[in-house]
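Examining the three-dimensional arrangement
Next come the chains, spelled out residue by residue.
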Amino acid sequence: MSASAGTGVFVLSLMSIPICFLFNSLIYSNSAEAFFFAGCSTVIILAISVHFMFKKKAPVDPLFYVYAVYAFFSVVNLIIGLEQDNIIDGFVTFYLREADPHINTAHGHMISYWDGCVHYLMYLLMIAAIAWGDSYRAIGLYWVGSFLMRAIVYILGNTVVSVWACFRIFSQPSTRDTELTKAERKSLLHRPLDLLFVIYLIPAFAFCVFRGLVALDCSSKWCQGYTQQYEPYMKDPSAYPKVQMLVSMLYSAPYYIITLYGLIVPGCEWMPDLTLVHSGALAQAQFTHIGASLHTRTPFSYRVPADGQPVFLLFNILYAIVPQALCYRCRTRPAFFLRPTSDKKTE
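Definitions and limits used
Residues numbered from 1 in each chain as written. Predicted model: local features only at pLDDT ≥ 70, side-chain atom pairs only at ≥ 80, totals over all residues. Heavy atoms only, no water. UniProt positions renumbered as here; feature names shortened; annotations may be inferred. Helix = DSSP H or I, 4+ residues; strand = E, 2+ residues; numbered from the N terminus. Buried < 20%, exposed > 50% of the residue type's maximum accessible area, 1.4 Å probe, protein only. Areas by Shrake-Rupley, 256 points an atom, 1.4 Å probe, with all protein chains shown as cover. Contact = heavy atoms within 4.5 Å. Phe/Tyr/Trp six-rings, centres within 6.5 Å; stacked < 30°, edge-to-face > 60°. Salt bridge = Lys/Arg side-chain N within 4 Å of Asp/Glu carboxyl O.

Under an unreviewed UniProt entry, the chain has the name Transmembrane 6 superfamily member 1 and belongs to Cottoperca gobio. Taken from UniProt, the Subcellular location (unreviewed entry) comment for the chain reads in full: "Lysosome membrane". UniProt, in its Sequence similarities (unreviewed entry) section for the chain, records the words "Belongs to the TM6SF family."

1. Looking at the overall build of the chain
In terms of regular secondary structure, the chain is built from 13 helices and 0 strands. Walking the chain from its N terminus toward its C terminus, one meets helices and strands in the order α-α-α-α-α-α-α-α-α-α-α-α-α. For the chain, with 347 residues in total, the buried portion stands at 37%. Carbon and sulfur atoms provide 70% of the accessible area of the chain, an area that totals close to 20500 Å².

2. Structural notes on helix 9 (residues 221–229)
Listing the buried residues of helix 9 in full gives Cys223, Gly225, Tyr226 and Thr227. The inward-facing, buried residues of helix 9 contact helix 8 (192–215) and helix 12 (309–332).

3. As for the UniProt feature "transmembrane region" (unreviewed entry) in the chain
In this numbering, the UniProt entry assigns the feature "transmembrane region" (unreviewed entry) to residues 7–28, 34–54, 63–82, 120–139, 151–170, 195–214 and 243–264. Across residues 195–214, helical content stands at 100% and strand content at 0%; the span's end C-alpha atoms are separated by 29 Å.

4. Observations concerning the packing of aromatic side chains
Going through the model one piece at a time under the given rule, you end up with 18 aromatic pairs. The interplanar angle of 50 degrees and the centroid separation of 5.6 Å between the aromatic rings of Tyr70 and Tyr123 together place this pair among those described as tilted. Taken as a pair, Tyr70 in helix 4 (residues 63–84) and Tyr123 in helix 6 (residues 106–132) lie far apart in primary sequence, 53 residues in all. For Tyr70, a relative accessible area of 31% translates into the label partly exposed. Here the aromatic residues Phe207, Phe210, Tyr226, Tyr230, Tyr255, Tyr256, Phe315 and Tyr319 are joined through ring pairs into a cluster of three or more.

5. Describing the pattern of salt bridges
Inspection of every chain in the model, using the stated rule, returns 6 salt bridges. Arg191 is the partner of Asp194 in a salt bridge, and the nearest nitrogen-oxygen pair spans 2.4 Å. Per residue, the accessibility class of Asp194 equals that of Arg191, and both read buried. Residue Arg331 is joined to Asp273 by a salt bridge in which the shortest nitrogen-to-oxygen separation is 3.0 Å. Of this pair, Arg331 sits in helix 12 while Asp273 sits in helix 11 (residues 271–294); the two residues are 58 residues apart in sequence, bridging distant segments of the chain. According to the relative accessible area criterion, Arg331 is partly exposed, its value standing at 36%. Linked through salt bridges whose partners overlap, the residues forming this network are Arg191, Asp194 and Arg329.

Structure representation (structure tokens):
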């Protein structure tokens, strides 16, 4: 293979410098002329680079294209590090102000330099090896170790911050100021709306557990028939739907039991917050699941059959909407879930 492809990647990676400058100027100028100029310039630069990269023969190894993209962003990370140290200015100013806080930490700062220098060199060496038909396994394994360490630390670090943020939100005092009345302490039979929610929670619990069993490849005829007729996406080899169903079962099934208790027994002050968290999680999960089950990117054999779509949509939309209604009820009329002031003082 000719070395022109490797040279093209090098040129393309350097094009990140004018592209960053153009788009940063575009954001701060807020003018149509700047937008048009930056957009046209970017297209021209990328077109010239791609033409030069594949002038003779396109590389066969798919990792060539992966490393080409990574090399481009490595230079971007180097620009980020240099601008953070005030060595350069006006390239990624807006990004540094609005980006993930991780970027502006010391750890993120050094990662930018590492990726912009060491990883960039490794990408160029591996691209050159592919272009010349040589082995790049040793460099590749070195990159794998470096990349995995960065990814693990980044994910765990962000997880710790996110968990801290969750506890911080839960620790904020409630702003509810509601006076309790005897009318709000009625039994379940005298609260028809709550009774409907209780009736819903029982089949919802069963549906949640049933889909979890389907994800675990239950051999029951009911499970197999449901999968074939209504939700074949749960057998998609990507494994995302299976993980989604298992997480939903482990998360939602206990929630339904706890919520049943909260709707029957007064004074469960955690109910409004719990329903809020669950409704947000379920909305995201159901939106993703319904969309992916019908999306054209899903292989045809794993999409919902046309004759099964009405039942599929009915079950899944109800499963997504009713928790939102329950959350709205708990947030707008929380008096049933509040304990009398005398009970709190006794504690």
